[in-house]
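# Remarks on the overall topology
Below, each chain spelled out in residue letters.
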Amino acid sequence: MKPSLRPSFTRPWPCIASNFSTFFFQLPTPLTHARNITQIRHRHIHSSPSPPPPPQLASSPPPLLPLFLRPPEYTTTVSDLLEWHSWAKSLAASIGSSFEDSDNGPDSTLLCRELNWLMEDVLDGSDPSLMHKAVARDDPDTIISLKADVQELYSLWKQRIDERRPFQYIVGCQHWRDLILCVREGVLIPRPETEIIVELVGDVISKDEGLREGLWADLGTGSGAIAIGIAKILGNYGRVIATDLNPVAVQVASFNVERYSLQDKIEVREGSWWEPLKGVEGKVAGLVSNPPYIPSDDISGLQAEVGRHEPRLALDGGAEGMDDLLHLCNGAASMLKPGGFFAFETNGEKQCKFLVDYMQNQLPGSFCNVNTVSDFAGILRFVTGFRNR
Amino acid sequence: MKVSMAIQSLRKSLLHRTAYLGNSPSISSFLKFSEFAVSARPRLTVTSNATLKWRTGERKCRWGDFCSSNSAHNKALGSCFYSNGVSASSNHNGSSYLELTDEELMKQCEMGTFKASGPGGQHRNKRESAVRIKHIPTGIIAQAVEDRSQHKNRASALLRLRTLLALKVRNAVNLEAYSPPKELLQILPLKSTVRGSDCGPQIGPHNPKFMLGVQALLDLLSALEGSVSDAAKLLGLSTGALSRLILSDDSLRLAANELRASKGMKPLK
Ligand SMILES: C[S@@+](CC[C@H](N)C(=O)[O-])C[C@H]1O[C@@H](n2cnc3c(N)ncnc32)[C@H](O)[C@@H]1O
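Reading guide: rules and limits
- Residues numbered from 1 in each chain as written.
- Chains lettered and ligands numbered in written order.
- Predicted model: local features only at pLDDT ≥ 70, side-chain atom pairs only at ≥ 80, totals over all residues.
- Heavy atoms only, no water.
- Buried < 20%, exposed > 50% of the residue type's maximum accessible area, 1.4 Å probe, protein only.
- Helix = DSSP H or I, 4+ residues; strand = E, 2+ residues; numbered from the N terminus.
- Pairing = 2+ DSSP bridges.
- Axes fitted to C-alpha atoms, helices over the stretch in contact; angles between N-to-C directions.
- Contact = heavy atoms within 4.5 Å.
- Core = buried A, V, L, I, M, F, W, Y, C linked by side-chain atoms within 4.5 Å.

Our focus in this paragraph is the pairing of strand 6 (residues 140-144) of chain B. Burial analysis of strand 6 of chain B places 5 of its 5 residues in the buried class, which makes it a mostly covered element. Between strand 5 (residues 131-135) of chain B and strand 6 of chain B, which follow one another and run antiparallel, lie 4 residues, and B:Gly139 among them has a positive phi close to 75°.

The following block contains the structure:
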């Protein structure tokens, strides 16, 4: 179906995922990375125009730790912080529905909510009573500590609005299920829809001990979201292999795995789809993936936050968006043990139906109980099933 | 905005907030200036959010195995909050709803969902993860929109549903042989003459058990046609002391006044 795509370049940075504090400093810049990945995926260059490169963040330092994990090493006065806040709020308000009208982006209500979350992260851990007292005493000169310099907050919020840089890249994290996952440019921001994959796995393992105790694989793990979600519900049982072709994803996933102390349970491996699973063929109890599924032609029309900033390697699924999904369906039967479970996320009803039909008619006898499941918006989103016994 | 004005608005939001939050509000929740209620406890007024477009019609999806939205409720999310109480159905009384586990309670609910605006999934980065649940036996709707993940919004919505059930579902009370249930005694001030020493310290609004007491208190008030002085007698308190208790918690005050209004009585102030 598709050749194994392995990066031919050698990694220009040391693997230091275990060192939390320096980890985020030493990743390659988004720009370099984007170029490398585009080189890997030749088919995409020809199928549609490349998205504009991520903007260079001229005014800010290289990527840092996510805000909420940084030490509160900056100080400011309450009045300076409030001044920034009202500036940011009016900037957000000035957007109205213009982003929404142009590409279904965020409107000012949503931007204001993000602003509150930014405030939450930048104040996280500072002494709440100080701010209280300042407000109660009407004392704007009170000094409070912050996780970022106020100057940086101005530039971050400008990036949010002017460059449409995703909020999650600004703060460096995404809240997903009960997890807080670190993300940065080069790694897909996990979506709320995908939370359901973990629920589906939860349903399956509650009915089948054998699956709970087995080996699980999350292919194209990105930030590690699904793998970590699954590892947590497996509890003391089972083991997870999380893979990705993109070395930045491998490092971010490893970082998140360690942050949740799951390094004994989740092994993060680099490589293209089945390649990192060599040696466990026919032994996998559960296989889950949210592979790239957007048709190449749709990429240029995406919401700016997605199309301009998120890695194309994570989104572009080829002409019909099905290249990777079909590759996964074709290999799943030989990878899964008899009775093993799979769940794949898709672009919607069309892909779901196609895959169900494909599995039943092109791969007869391989799978049973092949089903589709909707997301919370009622869109058919997932295909699930079991390897025949 | 000038600093003094900003401080002013901060203070307002603080005052507003402490009415709902029990534990000293963390700075993060305290600093949510936005239009959304942040507390885990519901406000009786529903903040409507124009960006939410709830789906109408039925389709099968996750959580509760069904999730449809009733279109009448979609149009007027707030209406049921102002309805004059909901009476408990015969085979289920209101307090037993509160005794259900989250999962059991969820089984009695429908999950409302977003109207899909676009293909979703990888196409979309909008942190809308609102959750709206409707409790089918009572028609009560609770929603949560302000949390940063779907998962947490669901938990907040359930918590709100519990509070609304306590505030809205009235159970019959036998006034002839009335003896206050333990949950109610626990929220009364220590000076109550019917409160035995075995009730322990007074439970405040920030204890999850507070709502159970509120429910029993509202049941009593309702049975007494809204009369605080009659209720005070049965609870071994002065009318003033019971009024103070009712006024000490916003949601209790609003529910009590709504109940009194429905019986043609003046609101407590
Ligand atoms: C849509 S993202 C999903 C990320 C993550 N699982 C999530 O749900 O948030 C798809 C992921 O597949 C990875 N990927 C793309 N091509 C791949 C390949 N050939 N082999 C392995 N992973 C690949 C991308 O790097 C990206 O992390």
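Residues and elements named next belong to chain A. You will see that Arg177, though not glycine, has its phi angle at about 50°, which is positive. Within the secondary structure, Arg177 sits in the loop between strand 3 (173-176) and strand 4 (179-182). For Arg177, a relative accessible area of 9% puts it in the buried group. Despite not being glycine, Ser261 shows a phi value in the positive range, around 50°.

Turning next to the sheet that holds strand 8 (residues 284-289) of chain A. Residues and elements named next belong to chain A. Taken together, 7 strands build an open sheet; the order of strands is 7-6-5-8-9-11-10 and the sheet is mixed. Of all the strands in the sheet, the pair left with one neighbour each is strand 7 (266-270) and strand 10 (367-374). The sheet shows a mean angle of 15° between the axes of neighbouring strands, direction not considered. The sheet contact formed by strand 5 (residues 215-219) and strand 6 (residues 239-244) spans 5 bridges and is parallel. Within strand 6, the position partnered with Leu215 by the bridge is Arg239. Across the sheet, helix 10 (residues 195-207) lies against strand 5, strand 8, strand 9 (336-345), strand 10 and strand 11 (380-387), angled at about 30° from strand 11, the strand it touches most. With respect to the sheet, helix 13 (residues 247-259) is in contact with strand 6 and strand 7, its orientation differing from that of strand 7 by roughly 170°.

Right, let's talk about the nonpolar core for a bit. Soluble globular proteins tend to pack their nonpolar side chains together in the buried interior. B:Ile133, B:Leu161, B:Leu218, B:Leu242 and B:Ile246 are the most contacted members of the largest nonpolar core, which has 50 residues in total. No other element matches the 8 residues that helix 9 (residues 210-223) of chain B contributes to this core. Residue contacts for B:Leu242: discarding those within four places in its chain leaves B:Leu217, B:Val228, B:Ala231, B:Ala232, B:Leu235 and B:Leu237. Ranked by size, the runner-up nonpolar core spans 38 residues in total, among them A:Ala217, A:Val306, A:Leu325 and A:Phe344.

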